[in-house]
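If you want the building blocks of each chain, they are given just below.
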Amino acid sequence: MPLETSATFSVLLLIISSTAGQDCSQPCACSAEPPPCPLGTSLVLDGCGCCKVCARQLKEPCSLLEPCDHHKELYCDYTLLSDSETGICMAQEGQTCDLGGKIYRSGESFRPSCKHQCVCMNGEIGCVPMCANNVLLPSPDCPYPRRVHIPGRCCEEWLCEQSPPDHHYQSVLAGASQIRPLPSSNPISVFRSLSPHGPQAESPRDNCIVQTTEWSECSATCDMGVSSRVTNDNQRCQLERQSRICMLRPCSSQQHKDIKKGKKCVRTPKAQHGMRFELSGCSSTRLYKPKFCGVCTDNRCCTPHTTITALVEFHCPDGEVFTKNMMFIKTCSCHHDCPQDNDIFLASNTRRMIGDYDNDM
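Here we summarise the structure given alongside this text. These numbers come from a predicted model, not from an experiment. Sequence positions are assigned chain by chain, starting from 1 and proceeding in written order. Per-residue local features of the predicted model are confined to residues with pLDDT of at least 70, and side-chain atom pairs are confined, for both listing and counting, to 80 or more; whole-chain, interface and lining totals are unaffected and use all residues. As a rule here, side-chain values cover all heavy atoms of the structure and leave hydrogens and water aside.

Quick word on the packing of aromatic side chains
Note on aromatic pairs: the rings of Phe, Tyr and Trp (six-membered ring only in Trp) are paired at centre separations within 6.5 Å, and the planes decide the class, stacked below 30 degrees, edge-to-face beyond 60, tilted for the rest. The tally for this structure, following the rule as stated, stands at 5 aromatic pairs. Here Y104 and F110 contribute two aromatic rings whose centre-to-centre distance is 3.6 Å and whose plane-to-plane angle is 10 degrees, an arrangement assigned as stacked. Among the residues examined, Y104 registers a relative accessible area of 8% and is labelled buried. Ring centres 5.2 Å apart and planes at 35 degrees place the aromatic pair F277 and Y288 in the tilted group. Accessibility here uses a 1.4 Å probe with only protein chains present; expressed as a share of the type maximum, an area under 20% marks a residue as buried, one over 50% as exposed, and anything in between as partly exposed.

What follows is the structure, given as C-alpha cells:
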C-alpha cells in the first residue's frame, strides 16, 4: 500500500473511532463507583444518560460524554473549535457577582481564599469549605490536642501535646509551698469515652456556608410550568438544582371578565371552585382552590410576588402515585416589566419573588 494511501486510511480510521466514541448507540459501560469530583464540582450524567461523570467547568473542553455543569448554567459551545465533537464550556447570560470589588461572571468558579471554593450563579455566590473540620478528642496517646497553623499550608492541623501549655504546679507567690495538683488536673480522668472506631468526624453540613438563589420565573405563562433554584442547603453542602412545578394561571381562563368597573387590573384572583392539578396525564389526589396571577387592560403584566412551596400528591391512571413540590401563589404584583414575545425568562434578572418558604399543605 502506498505511503500516502496508508496515511489517509489512518486519518479516516481515527475520525471514525472518535465519532464512535461520542455515539450513544453503544451499551453503557460504567465503573462500579462514581469518580471522585473536586469540591464544588457536580456529579452529573453524561450526554447519553449512562454514567455519572464530573461536570466540566467554565472554559474547559466538553463533549457529549463530558457535559458542562448545568447546575452553574454552563453549556457546551461547539462553535469555538473546529472539531465538531468537542466544544468549550461557556456561561449563559446572567448577572455578575461582586465580591470585594472584583467582578465574576455567572458560572465562574473562584477561590476568594485558600479555605473556600466559590461559584457565581446569576448574581448569587455559593461557597463550600476546602478544609476539613474534624474534631480530635483527648486520648491517652494524645491528651492535649490543639489546632496549629503550619507555615506554607492553608488548613490548620492537629498537634498532640503531652502537657497543657499552662501546666504550672508551682505557686507564683514567693515563699509559697508546692501546690499539689487537683484531681481534675489528671488528663486521664477527664477523657471522654470514645467509640472503637475513633472520634466521629463533623458532617460537611456543620461547616457549610448556605447559599440559595431565588426561584426562577415559571417557565410557562399559563398551565403547568417549572421553576428552579440552586442551593447547597443539604447534608453534603454540595450545589444542587431544585425544581418545583408552577401554574401562574389556567390557559382556558378569561380573567379580563373579572376586572371590576373602574379598575384596570385583577391582581390575584382565586379559583371559585375546587380543581385538580394535571401533570403528565396524572391528577392531584386533592382538590385545591389556588390563587392565580391576573391580567390588566393597560399593558401591564401580573407575576408572583410572594409564594410558598408545598408537596402535591398525584395519582396516575395506571395506579402510580408520586409527589412533586409545587409553587402556590400568595400575592401577585402588576407592573410594566413584562417579558417580550411571551418569553417569561427575559425579565427574570430584575423581577424577583420574595418571601418564599416551604410549607406542608
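Some words on the sheet that holds strand β10 (residues 124–129)
DSSP calls a pair of strands paired once it identifies at least 2 bridges connecting them. Under the DSSP-based scheme used, a helix requires at least four consecutive residues in state H or I and a strand at least two consecutive residues in state E, with every element numbered from the N terminus. In space, the 3 strands of this open sheet follow the order β8-β9-β10, with antiparallel pairing throughout. Looking at the sheet topology across the chains shown, the edges are occupied by β8 (109–113) and β10. Here the average twist between neighbouring strands, direction ignored, is 35 degrees. As defined by bridge partners, strand β9 (residues 116–121) adjoins β10 across 6 bridges and the pair is classed as antiparallel. Throughout, an axis means a line fitted to C-alpha atoms (over the contacting stretch in the case of helices), and angles, computed between N-to-C directions, take values from 0 to 180 degrees.

Some details on the pairing of β9
Burial of β9 is extensive: 5 of the 6 residues sit out of reach of the surface. The sheet contact formed by β8 and β9 spans 3 bridges and is antiparallel. Across the sheet, S109 pairs through a bridge with V119, a residue of β9. In textbook terms, the turn of a hairpin is the stretch between consecutive antiparallel strands, and for β8 and β9 this stretch comprises 2 residues. Remark: 2 residues form the turn of the hairpin made by β9 and β10, two consecutive strands paired antiparallel; N122 in that turn has positive phi of roughly 50 degrees.

Structural notes on the nonpolar core
Ranked by size, the top nonpolar core spans 16 residues in total, and within it F277, V312, F314, F322, M326 and F328 carry the most contacts. Taken together, the elements giving at least two residues each to this core come down to β14 (240–247), β17 (301–315) and β18 (321–335). At 4 residues, β17 tops the list of elements feeding residues into this core. We call two residues in contact whenever any of their non-hydrogen atoms come within 4.5 Å of each other. Not counting chain neighbours up to four residues away, the residues in contact with F277 comprise M224, M247, C282, S283, S284, Y288, P290, V312, F314, M326 and F328. Residues belong to one nonpolar core when they are buried, are Ala, Val, Leu, Ile, Met, Phe, Trp, Tyr or Cys, and are joined through side-chain atoms within 4.5 Å. Of all hydrophobic cores here, the second largest spans 11 residues; its members include C293, C296, M327 and I329.

These values are about where atoms sit, not about what they do.
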